[in-house]
Amino acid sequence: MDAKDQRLVKKAIKGNKAAFERLLQQHYERIYRTAFLYVNNEEDALDAVQEASFKAFTSIHSLKQPEYFLTWFTRIVIRCAGDLHRRKKKVVPLSDEILSNLPGHADPDLEESEQLLDAIGHLREGYRTAIILFYYHDYPIKLISEMMDIPENTVKTNLSRGRAELKKFYQDEEVKCHG
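Just so it is clear, the structure is predicted and the values come from calculations on it, not from any experiment.

## Looking at unusual backbone geometry
Located in the positive-phi region is N40, a residue other than glycine, with phi close to 65°. In this structure, N40 sits in the loop between α2 (17–39) and α3 (42–59). A positive phi angle, close to 60°, is found at D138, a residue other than glycine. Along the chain, D138 turns up in the loop between α7 (125–136) and α8 (141–148).

Shown next, in the form of structure tokens:
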């Protein structure tokens, strides 16, 4: 986070609503994508972002290190999206537009993207969180460990088991298609 962003965070911590809104605007796409990866549909992702934004705004005064704003806010988004996902537990078809805007897919194959999102959505929460933070946000294991409040080795285990479950999901899908 650059010095300009840190100044905005410090202003937001002191109660400056405009500074907080600017921070939201600057990081909105990343925050939305994180929520979307959890809930797999636009409406719920927007709800999760809105809830997380409200929680962040009402508790930003508790943020002690401005340079960790995005990490702190991402944790709130993950909690809100995870809570919403657990409450809803529903599958909604994805639009082509949303899938084409997902990170890490320069030229996405629609069917594969839907399949991957479906598979990620079915992972246990710890695996899903680790996979999203590591592969979609490129966070290092140490930072993921801090964000999830778990040891680094547990993050590595979650990544390994998450990948294994994704691989099994794809193998099962292949058997269904060719079996």
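## Regarding the nonpolar core
Ranked by size, the top nonpolar core spans 50 residues in total, and within it F20, A35, F69, W72, F73, I120 and Y139 carry the most contacts. Within the residue set of this core, elements represented by two or more residues are α1 (3–13), α2, α3, α4 (69–88), α6 (110–121), α7, α8 and α9 (152–178). When sequence neighbours within four positions are dropped, the list of residues in contact with A35 reads A45, A48, V49, V77 and A81.

## Observations regarding the packing of aromatic side chains
What describes a pair of aromatic rings is the distance from one ring centre to the other and the angle between the planes of the rings. This model, assessed by the stated rule, comprises six aromatic pairs. Aromatic side chains Y28 and Y32 sit 6.1 Å apart centroid to centroid with 20° between the ring planes, which places their arrangement in the stacked category. One end of the pair is Y28 and the other is Y32, both in helix α2 and four residues apart, which spans about a single turn. On the basis of relative accessibility, which here comes to 36%, the residue Y28 falls in the partly exposed class. Look at Y32 and you get buried, because its relative accessible area is 15%. Put simply, the rings of Y28, Y32 and F36 touch in pairs and so form one group of aromatic residues.

## Some details on the environment of Y127
Along the chain, Y127 turns up in helix α7. With near-sequence residues (within four places) excluded, Y127 lies in contact with N158, R161, G162 and E165.

## Description of the pattern of salt bridges
As enumerated under the stated definition, the model contains four salt bridges in all. With a shortest N-O distance of 2.6 Å, E29 and R33 are connected by a salt bridge. Within this pair, E29 and its partner R33 are both found in helix α2, separated by four residues, close to a single helical turn. A salt bridge links E146 to K142, with the nearest nitrogen and oxygen atoms 3.6 Å apart. Here E146 pairs with K142, and both are found in helix α8, just four residues apart, close to one helical turn. Using a relative accessible area of 39% as the deciding quantity, one classes E146 as partly exposed.

Definitions and cut-offs
- Residues numbered from 1 in each chain as written.
- Predicted model: local features only at pLDDT ≥ 70, side-chain atom pairs only at ≥ 80, totals over all residues.
- Heavy atoms only, no water.
- Helix = DSSP H or I, 4+ residues; strand = E, 2+ residues; numbered from the N terminus.
- Core = buried A, V, L, I, M, F, W, Y, C linked by side-chain atoms within 4.5 Å.
- Buried < 20%, exposed > 50% of the residue type's maximum accessible area, 1.4 Å probe, protein only.
- Contact = heavy atoms within 4.5 Å.
- Phe/Tyr/Trp six-rings, centres within 6.5 Å; stacked < 30°, edge-to-face > 60°.
- Salt bridge = Lys/Arg side-chain N within 4 Å of Asp/Glu carboxyl O.

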